[in-house]
Amino acid sequence: MTDLLVLHTLRCMGFTDLERVAEATGLSIPETESHLIDLAVAGLVTKIPSPFGGWGLTEAGKAADARLVAEELAASGSLPEVADAYETFLGLNPELLDLCSAWHMRPVGGVPEVNDHKDAAYDGRVLTRFTDLDRRAAPVCHSLTEALPRFSRYRPRLAAALARAEAGAMEHLADTTTSYHAVWFQLHEDLLVTLGIPR
Amino acid sequence: MRFIHPLTPTTPPPDPDLVGAKAHGLFTLLNLGFPVPSGFVISTEACRTFLHDGRFPEDLSSELSEALSDLAASAPDRHETGQPYRGAGQPPTVDGPLLVSVRSGAAVSMPGMMNTLLNVVSTALTDLAPPPHAAPSFERASPKVATRGSDKADITDAVSFAETSDSETPDLETSDLADAAGTNAAAGKGDSAVRSAVEAVFSSWNTARAVTYRELHDISHDLGTAVIVQAMVFGDRDRHSGSGVAFSRDPSTGERVVYGDVLFGHQGEDVVSGRFPTRPLIDLAGRESLVWAELVGALELLERHFRDVCHVEFTYESGRLWLLQVRPGGLSGRAAVRAAVEMADEGLIDRRTALNRVTPRQLKAAHTPRIRLDGTVDVVARGVGASPGVATGRIAVTADQAARMAAHGPVILARPHTSPLDMHGLAAAAGIVTTVGGPTSHAAVVARSMGKPSVVSAAAIEVDTTAGCVRTSGRVLTEGTVITIDGLGGEVVLGSPEITTGDTDPHLARLLTWAEEAIDKGTT
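Residues numbered from 1 in each chain as written. Chains lettered and ligands numbered in written order. Predicted model: local features only at pLDDT ≥ 70, side-chain atom pairs only at ≥ 80, totals over all residues. Heavy atoms only, no water.

Got a minute to help me understand the UniProt feature "domain: PEP-utilising enzyme mobile" (unreviewed entry) in chain B in this structure?
The UniProt feature table records "domain: PEP-utilising enzyme mobile" (unreviewed entry) at residues 410–488 of chain B. The straight-line gap between the two end C-alpha atoms of residues 410–488 of chain B is 19 Å; of that span, 18% is helix and 37% is strand. (UniProt positions renumbered as here; feature names shortened; annotations may be inferred. Helix = DSSP H or I, 4+ residues; strand = E, 2+ residues; numbered from the N terminus.)

Please explain the sheet that holds strand 21 (residues 482–486) of chain B as it appears in this structure.
All names here are of chain B. Taken in spatial order, the eight strands of this open sheet run 12-22-21-14-15-16-17-13, and their pairing is mixed. Each of the sheet's edge strands pairs with one partner strand only, and the pair in question is strand 12 (379–382) and strand 13 (384–387). Within the sheet, the average angular offset between the axes of one strand and its neighbour, ignoring direction, is 30 degrees. Note: strand 21 against strand 22 (residues 491–494), three bridges, orientation antiparallel. Paired with Thr484 across the strands is Val493, a residue of strand 22. (Pairing = 2+ DSSP bridges. Axes fitted to C-alpha atoms, helices over the stretch in contact; angles between N-to-C directions.)

Before we go on, may I ask you to explain the packing of aromatic side chains in this structure?
Between two aromatic rings, the relevant description is the distance of the centres plus the angle of the planes. Taken as a whole, this structure holds seven aromatic pairs over all chains when the rule is applied. Both rings, one in Phe50(B) and one in Phe202(B), keep their centres 5.2 Å apart while their planes meet at 35 degrees; by these two values the pair is tilted. Taken together, the residues Phe50(B) in helix 2 (residues 44–53) and Phe202(B) in helix 6 (residues 192–203) connect sequence positions 152 residues apart. Note on Phe202(B): relative accessible area 0%, which makes it buried. For the cation-ring pair, Arg106(A) lies above Tyr122(A), with the distance from its terminal atom to the ring centre recorded as 4.2 Å. Arg287(B) extends its terminal NZ or CZ atom over the ring of Phe264(B), reaching a point 4.0 Å from the ring centre. (Phe/Tyr/Trp six-rings, centres within 6.5 Å; stacked < 30°, edge-to-face > 60°. Buried < 20%, exposed > 50% of the residue type's maximum accessible area, 1.4 Å probe, protein only. Lys NZ or Arg CZ within 6 Å of the ring centre and 35° of its normal.)

Just to check I follow, could you spell out the nonpolar core for this structure?
Burial of nonpolar side chains together is a common tendency in soluble globular proteins. Of all hydrophobic cores here, the largest spans 40 residues; its most connected members are Phe130(A), Leu144(A), Tyr180(A), Trp184(A), Leu187(A) and Leu191(A). Elements with a contribution of two residues or more to this core: helix 5 (79–104), helix 6 (120–147), helix 7 (154–166) and helix 8 (180–195) of chain A. When sequence neighbours within four positions are dropped, the list of residues in contact with Leu187(A) reads Phe89(A), Cys141(A), Leu144(A), Phe151(A) and Tyr154(A). In terms of nonpolar packing, the next biggest core, distinct from the first, is built from 30 residues, Ile228(B), Val262(B), Leu284(B) and Leu321(B) among them. (Core = buried A, V, L, I, M, F, W, Y, C linked by side-chain atoms within 4.5 Å. Contact = heavy atoms within 4.5 Å.)

How should the interface of chain A and chain B be read in this particular structure?
Accessible area lost during the coming together of the parts is what is often quoted as the interface size. Listed as interface residues are 38 residues of chain A and, on the opposing side, 40 residues of chain B. Here chain A packs against chain B, burying approximately 3500 Å² in sum over the two surfaces, 64% of which is carbon and sulfur. Where chain A touches chain B, the interface holds three salt bridges. Remark: the boundary between chain A and chain B carries five residue pairs in polar contact (both at pLDDT 80 or more). Taken together, the elements giving at least two residues each to the side of chain A that touches chain B come down to helix 1 (2–13), helix 5, strand 3 (105–108), strand 4 (111–114), helix 6 and helix 8 of chain A. Considering every element that reaches the side of chain A that touches chain B, the biggest residue donor is helix 5 of chain A, with 10 residues. (Buried area = accessible area lost by both parts, 1.4 Å probe. Salt bridge = Lys/Arg side-chain N within 4 Å of Asp/Glu carboxyl O. Polar contact = N/O pair within 3.5 Å; in protein donor to acceptor, adjacent residues only side chain to side chain.)

Encoded structure:
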C-alpha cells in the first residue's frame, strides 16, 4: 500500500526530488527513499542524475500505477463520488488559472504586462481571491478523502501553501514547487489518473 | 423603447455605461458608414434590473419580441448581394429562421469572463412566411440552439473572439440552453431561445470567474453587462468566406503596416481557439482583393477617427465584409512607443498627446528584450507571447530530451502542451513553446513563475515526438536546430537573430527627448 502511495505520489508530481516526494506523502525522507529504491529495483521508477534530474516513473511504472489506481477505485466502489468531486474541481480550475495569471501578469490598458509586485494592494487582492477559492475548494478535498483516504494529503498541503503566502511569503501562491498552484496541479493530475482520463 | 437600442447610426453614440464598450464601438462603426450586421443592444440597465429582481424584466420581454420582429423584417433588405438566403447570413443548409449571436459587452472590458452564444434561432421568424426557395419545416422553425461547429466553442468568449485567451470552457453548456429553450417551446412561448440566451449572458455577470476578475481589477460589481443581439454572419459559408483580426499597425512592433490573422472558411471563434492554424492577413489580398481593400480602407479611416492605433474583428461572407468589433489602443511596450512617435510624425496626434499615450508601465515594458524583426529574420511561427523575454536554444521535443540536452547548452522545449510530468524539462529549458493552450495554460503559468520566455498557441508548428522534429509549413526542424523565441511578440525565429533592448530603441529615445523638451518648457 505504501508502495502505491509513493509510486502514485511521484506519478502526480512528475519529475521531482526525494525531499518533495517525502513532503507530499507525509513519510520520512529515509522511508521514502527506501520505497523509491524498491520501486526502482522493480523497474517502476528511475533516477536521472543530472542537474535537472530527479526521480520519475518509467513507462512500466506509469502502466503499473494506472492499473493499481484503477483497481483501488473499483475496490472502494467510490467512482461516483470521485467523479462528482472532479466535476466540481473542473468548475474551480479556470478560476485558479485566472488567479495564477493575475499573480504573474497584470493588464495595462488591456495589454498583459508582467506584474512587478510593487503594488501591494493589487497583490493583496490576488491573495484574497486565492483565499476565497481555497474556501470553496476545501469541500472537494473533503469529499475526495471520504471516497479515497489517500487524497487526505491535498488539504493540508494546500492550506500550508496558502498559510505561508498569508504570512508574507507570497511566492508560495504560484512560484515554487510547493506552491498552491503546484499542489493544485498535482491534485488535477491525480484526478485524471484516478479516473483514467487522458490529459 | 426603454431597454433596447437598435443598432443604427446614432449621433452621438449612446453612453458606453449604458450600452457597453463593444456596442459603443459598433455605433461608431455605423456612424462612419461601415457594414455591421443588423441587430440591437439590450442595456446594462436591463441587466441590473434582472440581477436585482431575479427575473426577466417585463418591459424587456415585449421590447425583445418587437426588436426581433423588426430584425426579421429588416433582414430581407440584405438581398442586394443576390444571395438566396435571409438576413445577414445563414448557413447553406438552413433556409428558414434567422440565426442571431447573443454577446455580452460591459462598459469595462472583461475579456473571456462572460458568455456569448452563437447561432441562436430567433423564433420571431416562425410567424413569417419562409423565403420562396425554402421548404417549410416546422422542425426547423422550432426554437433551438443550433450547434454548428458542434462543440463548446460555439459558446465562446464574452467580449470578443480576439480576446479569447483561455482554453477552459465556459460554465454554460450548449445542451442546458437547448433544454431550456425546448421547454419554453413546449409552452408555446415565442422568442424563447433568444430570451434564454439573454438571461444566460445576464447571469454570467456573476460567475465566480467574473466576480474574481472585477475584484482584482477594481471594477464595480453593480455595473452589469449589456447584451448585443445581431444577425449571424458566416465565415464558413463558402470559399469566399472567412474571419479574422486586423490591426492598423503591427501590434508587435508598432510599425505602420496592416497586420493580422485570417482563417479562410471559418467562423471567428476558430481564429483564436488555437485549433486551426491562421494565415497572415496579407494572404487575404491575393485571395479576396475587394475585401482586403475595404478592410485596409476601414482601418485607415478608423485610425483617423480614433487618432489611435485600432484593431477590428471581421468576418467576410460570400465576398462581403462585415465588421464585428473595433477597439482603439492595445499595443504593448515598445510597439506603443513607436506607434505614438510615428503618429505624432504623421500629424495624427501632437507630441504632447504622444507623451500622454504612453503609460509609465508601457515605458518600463519597452525595455524588455525583443527580437529585432527586420527583413532578414526567418519567422517560422507567430504564437501568443505568454512570458516576456527572448531565449535562444536548441529545440527539444520532450521534457526528457530537454533535461538531457540542457547539460550541453541552452534548450528551447517545444511541446503541444505541458503538464506537471514535464516539470524537469520546463526547469531545464531556457524557453518554452507550445502549440495549443492559451496564456493561462500550464506552460504559460510555469514559464512565468520561472521567469522564462514562453510562446503559446504557436499553431503553425507541429511537434512530432516520434520523429524527433518540429514541422512548420513544409519545413522540418530536427531536434537540436537552434531557434529563438520572443515571449512578448510571440515570434518563433530560426537561428539566433539580433536582440534589441529599449536602450537602443530609436523611437523610445525620441519620445524621451520630447519628454525632456516638455519639461524644459514646463508644459507637462
